[in-house]
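Structural overview for review
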Amino acid sequence: QMNALAEEFNGINDKINYAVKGLADQKEDQEAILKAANDTKSSYEAMAGVVTNLIKADTELFPVDDAIEFSSAVTKLLKTAGRGDDEISSMMDAMNKSFQKGAVDTETLNKMLEQAPETANYLAERMGVARTQLLQMATDGTLSVNDLRDAFVASSEEIDAAFGQLNFGVSDALLNIRNKWGFWLKETDEMLGLTQTIGKVMVRGFD
């Protein structure tokens, strides 16, 4: 089980390293994503997936720190509203498609309005318009991806305050521990080469 966890986290870190290559310090980015995962009561894999997808969509719009901040804000907002992991993943995928296209289209906005209206509320509030106007702006092409990003980043303190009122249960604690344990195992394995050594011994023994 320890080997499986070390290999799982090794694969996650490989994805992070590939996405941030040449942008920043990979080890620091891994640690920042781990912290964001635990801060948002998410798995390391889920947070890493969202962050790396944002970076790959647009590195100028989302340098690593901004991608982590945006992902954390949206995740906390949706969890405060009682959304599950699948709903959060679906919403983040929809937003990421807009970032790839370079504009918030009607498909993304409709999904926000129907599946996670709290996200549309924040966007409308930051834009200073009624929520009903957002769809027309998306249709007209006047709703930029910068507007979408900035709406949640600018509201991070308010979102944090609401998220902080949620209970921290046993499941949250176990997920937090698993994140830290898996990350530590992966680091230890890199330093000592445990799984590589064990693997070679197993092969020699079988031979």
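Residues numbered from 1 in each chain as written. Predicted model: local features only at pLDDT ≥ 70, side-chain atom pairs only at ≥ 80, totals over all residues. Heavy atoms only, no water.

**Considerations on the overall build of the protein chain**
So the rule is basically this: Put simply, DSSP H or I for four residues or longer makes a helix, DSSP E for two residues or longer makes a strand, and each gets a number counted from the N terminus. Three exposure classes are used, based on accessible area relative to the maximum for each residue type with a 1.4 Å probe and protein chains only: buried under 20%, partly exposed in between, and exposed over 50%. Contact definition: two residues touch when any of their heavy atoms are within 4.5 Å. Only the protein chains shown count as cover for residues, with accessible areas throughout obtained via the Shrake-Rupley method and a probe of 1.4 Å. Residues scored as positive are Lys and Arg, those scored as negative are Asp and Glu, and His as well as the terminal groups of each chain are ignored. One atom stands in for each charge, and that atom is NZ of Lys, CZ of Arg, CG of Asp or CD of Glu.
On a plain count of helices and strands, the protein chain comes out with twelve helices and zero strands. Starting at the N terminus, the α and β elements of the protein chain follow one another as α-α-α-α-α-α-α-α-α-α-α-α. Projected onto its principal axes, the C-alpha positions of the protein chain cover 70 × 35 × 25 Å. Per-residue burial for the protein chain yields a buried fraction of 42% across its 207 residues. In the protein chain, once contacts between residues fewer than 6 apart in sequence are set aside, the share between residues at least 24 apart is 68%. Total accessible area computed for the protein chain in this model is approximately 11,200 Å², and 51% of it derives from carbon and sulfur atoms. Between the mean site of the 20 positive side-chain charges and the mean site of the 34 negative ones, the protein chain shows a separation of 4 Å.

**Section: the side chain of Thr188**
Where we set the bar: Under this definition, polar contacts are N or O atom pairs within 3.5 Å; protein pairs additionally need one hydrogen-donor-capable and one acceptor-capable atom, and for neighbouring residues in sequence, both atoms have to be side-chain atoms.
By secondary structure assignment, the location of Thr188 is in helix H11 (residues 170–192). Here the side chain of Thr188 touches Trp184 through a polar contact of 2.8 Å, landing on its backbone oxygen.

**Observations concerning the side chain of Glu187**
You can see Glu187 is positioned in helix H11. On the basis of relative accessible area, Glu187 is assigned to the buried category, the value being 17%. Of note is the side chain of Glu187, whose polar atom sits 3.0 Å from the side chain of Lys27. Those residues in contact with Glu187 that lie beyond four places of it in its chain are Lys27 and Gln30.

**Describing H11**
Worth spelling out the cut-off: Expected helix span is computed as 1.5 Å times (number of residues minus one).
Over its 23 residues, H11 runs 32 Å from end to end, which matches the ideal 33 Å to within 8%, given 1.5 Å per residue. Asn176, Asn179, Gly182, Phe183, Leu185, Lys186, Glu187, Thr188 and Asp189 are the residues of H11 that are buried. After H11 finishes, the residue Gly193 shows a positive phi value of roughly 65°.

**Re the packing of aromatic side chains**
Just so we agree on the cut-off: Working definition: a ring pair exists when centres of Phe, Tyr or Trp rings (six-membered ring for Trp) sit within 6.5 Å. Plane angles under 30 degrees give stacked, over 60 give edge-to-face, the rest tilted.
Tallied over the entire structure, the rule returns eight aromatic pairs. Taking the centre distance of 5.2 Å and the plane angle of 10° together, the rings of Phe9 and Tyr44 count as stacked. Taken together, the positions of Phe9 in helix H1 (residues 2–20) and Tyr44 in helix H3 (residues 44–57) put the pair 35 residues apart, joining distant regions of the chain. We classify Tyr44 as buried; its relative accessible area is 0%.

**Considering the layout of surface pockets**
Short version of the rule: Put simply, the grid is 1 Å and covers the protein atoms alone, a cavity is a trapped set of points that fit a 1.4 Å probe, a pocket is an open set with protein on both sides within 12 Å along at least five of seven lines, and lining residues have an atom within 4 Å of a point. Grid points are joined across faces, edges and corners, and a volume is the space filled by probe spheres set on the points.
Each pocket or cavity is described by its volume, and for the largest pocket that value is around 310 Å³. Taken together, 18 residues line the largest pocket, and the ones lying closest to its centre are Ala46, Val50, Asp85, Ile88 and Ser89. Within the residue set of the lining of the largest pocket, elements represented by two or more residues are H3, helix H4 (64–80) and helix H5 (85–101).

**Describing the packing of helix H2 (residues 26–39) against H3**
Under the convention used in this document: Axes, fitted as lines to C-alpha atoms, cover a helix only where it is in contact. Angles between the N-to-C directions of the axes lie from 0 to 180 degrees. An angle below 35 degrees is read as roughly parallel, one above 145 as roughly antiparallel, one from 65 to 115 as roughly perpendicular, and any other as oblique. The crossing is said to be left-handed when, going from far helix to near helix, the turn is anticlockwise and less than a right angle, and right-handed when the turn is clockwise. Basically, the charged four are Asp, Glu, Lys and Arg, the nonpolar ten are Ala, Val, Leu, Ile, Met, Phe, Trp, Tyr, Cys and Pro, and anything else, Gly included, counts as polar.
Following both chains from N to C, one finds H2 and H3 inclined at 120°, their axes separated by 9 Å at the closest point. With respect to their mutual orientation, H2 and H3 come out oblique. Note that H2 runs across H3; the crossing there is right-handed. When H2 is examined against H3, the residues Gln30, Ile33, Leu34, Ala36 and Ala37 are found in contact with a partner set consisting of Tyr44, Met47, Ala48 and Val51. Residues of the contact of H2 with H3, tallied by class, amount to eight nonpolar, one polar and no charged.

**A look at the packing of H2 against H11**
Helix-helix packing is characterised by the crossing angle of the two axes and by the distance between the axes. Closest axis-to-axis distance for the H2/H11 pair is 9 Å, and the angle between their directions is 165°. In terms of axis orientation, H2 runs roughly antiparallel to H11. Read as a crossing pair, H2 and H11 show a hand that is right-handed. From H2, Lys27, Gln30, Glu31, Leu34, Ala37 and Asn38 reach across to H11, where they touch Leu175, Asn176, Asn179, Lys180, Phe183 and Glu187.

**A look at unusual backbone geometry**
Here the phi dihedral of Lys41 falls at roughly 60°; this positive angle occurs in a residue that is not glycine. As for its placement among the helices and strands, Lys41 is situated in the loop between H2 and H3.

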